Amino acid sequence: MNGSSLARRQRSLGDRSAEFPLFPPLTRGCPRTSTDEIAYPLDVDYDYDQVDPALFAQEPGPDIARWSPLLPPLEAPTLGEGGTPLVEFDGVHVKDESRNPTWSHKDRLNRVTVSAALAAGAPGIVVASSGNHGASAAAYAARAGLPAIVLSSATSPPAVQSFARSYGAKVVSVPIEARWPLLREVVDRLGYHPVSNQTVTHTGHPFGPEGYKTIAYELFRQLGRAPAAVFAPTGYAELLYGVWKGFTELRRLGVAGTVPRMYSCETAAGGPHARALSTGAPAAIVELGRSDAYGIAGPVGGHRGVLAVRDSGGEAVLVTDEELRAAQRDLAGQGMWQELSGAAGVAGHRRLGRDFDGPVVCIATSSGFKDVGVGSESFPAPPAPTLDDLLP
């Protein structure tokens, strides 16, 4: 059920009357509604009247191009992203995004953003990332025949840096405060297409969350209905917003009758979306404490997450590293080894401790191979193992 894209324009999330052509993607936020303190993201609008409801009769599977009418133009080849399993666990359903080609949810986003780079005729892509985003962007750039620059940090896991390098990307460790100025210089001087954030509060790539909408489409098919609640690991909230937008589209098209409550699951060491929601601000920047959940630990939030939580009637949930480790251990005990950040959805659901009238989905975002310190442990064996040494 593939078809041509019905994407028509970009709209500001600060003021939806502020419209712009679909191309070029406005990767530095809305030029009309943003200020020096708050940057408003752009959203992609579609010709919804032309969407065939039979689009949602198909079964989920790899390659998000099956949802092409409700995605920006997909110019980049697929690596088989999407179609991830839904596994019952501890009274909830776990959407295991570690089953994607580079073992994280970021593959859905990068299929779309690398497509935008190709459509724009960019000579390459650049991304500021210490983890999943960089590795995924490098993989999709390689598949599309584009060079990639990954601006990482010295504290990112060496294995993840090797992951990105394996795809031929130029990976450079850059001090945190210098990453975004350098990224902007790469964009301005080399013409590379940015697939990560360039603004004071997070806006990221306007097309990125569109890839995450496909999670909502899959969940609807897998459950036979919209869930009552979705708990998502939340750093910049592109995932959270994309899933929420997907369900709002299903309701708008008359396919689903309801939209789930969305819960941003953030590390207690930061929590910029929790701060914005509690103060009524459109976005917030907070002081970041220490956390091993580097994939979601950040001081900068964005307006997308605030919209998704507020308009769905959800909440922001702060979880500690100890709660994350407990969720990670329990998921691994059921055959789903997640990165510490990837277990935040399950940890957030446990922390909230609330019953819902309908199915609950916790999104698990990334393989445990991505964590800090993985592979550095030593496990000395006894000199002459006996059967007793092998027993649990």
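Just above sits the structure.
These lines cover the structure that appears in this document, whether it is placed above or below. (Residues numbered from 1 in each chain as written. Predicted model: local features only at pLDDT ≥ 70, side-chain atom pairs only at ≥ 80, totals over all residues. Heavy atoms only, no water.)

## Section: the sheet that holds strand 2 (residues 19-21)
Taken together, the three strands give an open sheet; going across it, the order is 2-1-3, and neighbouring strands pair in antiparallel fashion. This sheet does not close on itself; its edge strands, each paired only once, are strand 2 and strand 3 (42-46). In this sheet, adjacent strand axes meet at a mean angle of 35° when their direction is disregarded. Strand direction decides the pairing type here: strand 1 (residues 7-12) and strand 3, joined by five bridges, are antiparallel. Within strand 3, the position partnered with Arg 11 by the bridge is Asp 43. (Pairing = 2+ DSSP bridges. Helix = DSSP H or I, 4+ residues; strand = E, 2+ residues; numbered from the N terminus. Axes fitted to C-alpha atoms, helices over the stretch in contact; angles between N-to-C directions.)

## Let's talk about the packing of aromatic side chains
Scanning the model with the defined rule gives 13 aromatic pairs in all. Ring plane angle 25° and centroid distance 6.0 Å describe the contact between Phe 56 and Trp 67, whose orientation is recorded as stacked. Of this pair, Phe 56 sits in the loop between strand 3 and strand 4 (86-89) while Trp 67 sits in the loop between strand 3 and strand 4, and the two are eleven residues apart along the sequence. Residues Phe 231 and Phe 356 carry aromatic rings whose centres are separated by 6.0 Å and whose planes lie at 80° to one another, so their mutual orientation is edge-to-face. Here the residue Phe 231 occupies a position in strand 10 (residues 229-233), and Phe 356 occupies one in the loop between helix 10 (344-352) and strand 13 (360-364), the gap between them amounting to 125 residues. For Phe 231, a relative accessible area of 0% gives the class buried. (Phe/Tyr/Trp six-rings, centres within 6.5 Å; stacked < 30°, edge-to-face > 60°. Buried < 20%, exposed > 50% of the residue type's maximum accessible area, 1.4 Å probe, protein only.)

## Structural notes on the pattern of salt bridges
The final tally for this structure, using the stated rule, is 25 salt bridges. A salt bridge links Glu 81 to Arg 111; the nearest nitrogen and oxygen atoms lie 2.7 Å apart. Remark: Arg 111 occurs in helix 1 (residues 106-119) and Glu 81 occurs in the loop between strand 3 and strand 4; sequence separation between them is 30 residues. Take Glu 81 and Arg 111: they sit in the same class, and that class is buried. A salt bridge links Glu 249 to Lys 213; its shortest N-O distance comes to 2.9 Å. Of this pair, Glu 249 sits in helix 6 (residues 238-252) while Lys 213 sits in helix 5 (residues 208-223), and the two are 36 residues apart along the sequence. By the burial criterion, Glu 249 is buried, and Lys 213 matches it. In the salt-bridge network here, residues are joined through shared partners; they are Arg 16, Asp 43, Glu 210, Lys 213, Lys 245 and Glu 249. (Salt bridge = Lys/Arg side-chain N within 4 Å of Asp/Glu carboxyl O.)

## Focus: a nonpolar patch on the surface
Residues Trp 103, Trp 337 and Phe 369 make up a contiguous nonpolar surface patch of roughly 320 Å² in combined accessible area. In this structure, Trp 103 sits in the loop between strand 5 (92-96) and helix 1. Looking at Trp 103, the relative accessible area reads 37%, which means it is partly exposed. (Patch = residues over 30% accessible without salt bridge, like charges linked within 9 Å, V, L, I, M, F, W, Y side chains within 5 Å. Areas by Shrake-Rupley, 256 points an atom, 1.4 Å probe, with all protein chains shown as cover.)

## Focus: the sheet that holds strand 9 (residues 193-194)
Across the sheet, four strands lie side by side as 8-7-6-9; this open sheet has parallel pairing. At either margin of the open sheet sits one strand with a lone partner, and together these are strand 8 (170-173) and strand 9. Relative to strand 9, strand 6 (residues 125-128) is paired through two bridges, and the arrangement is parallel. Bridging across to strand 9, Val 126 finds its partner in Pro 194. Across the sheet, helix 2 (residues 132-144) lies against strand 6 and strand 7 (148-152), angled at about 170° from strand 6, the strand it touches most. Packed onto the sheet, helix 3 (residues 158-166) meets strand 7 and strand 8 and runs at close to 150° relative to strand 8. (Contact = heavy atoms within 4.5 Å.)

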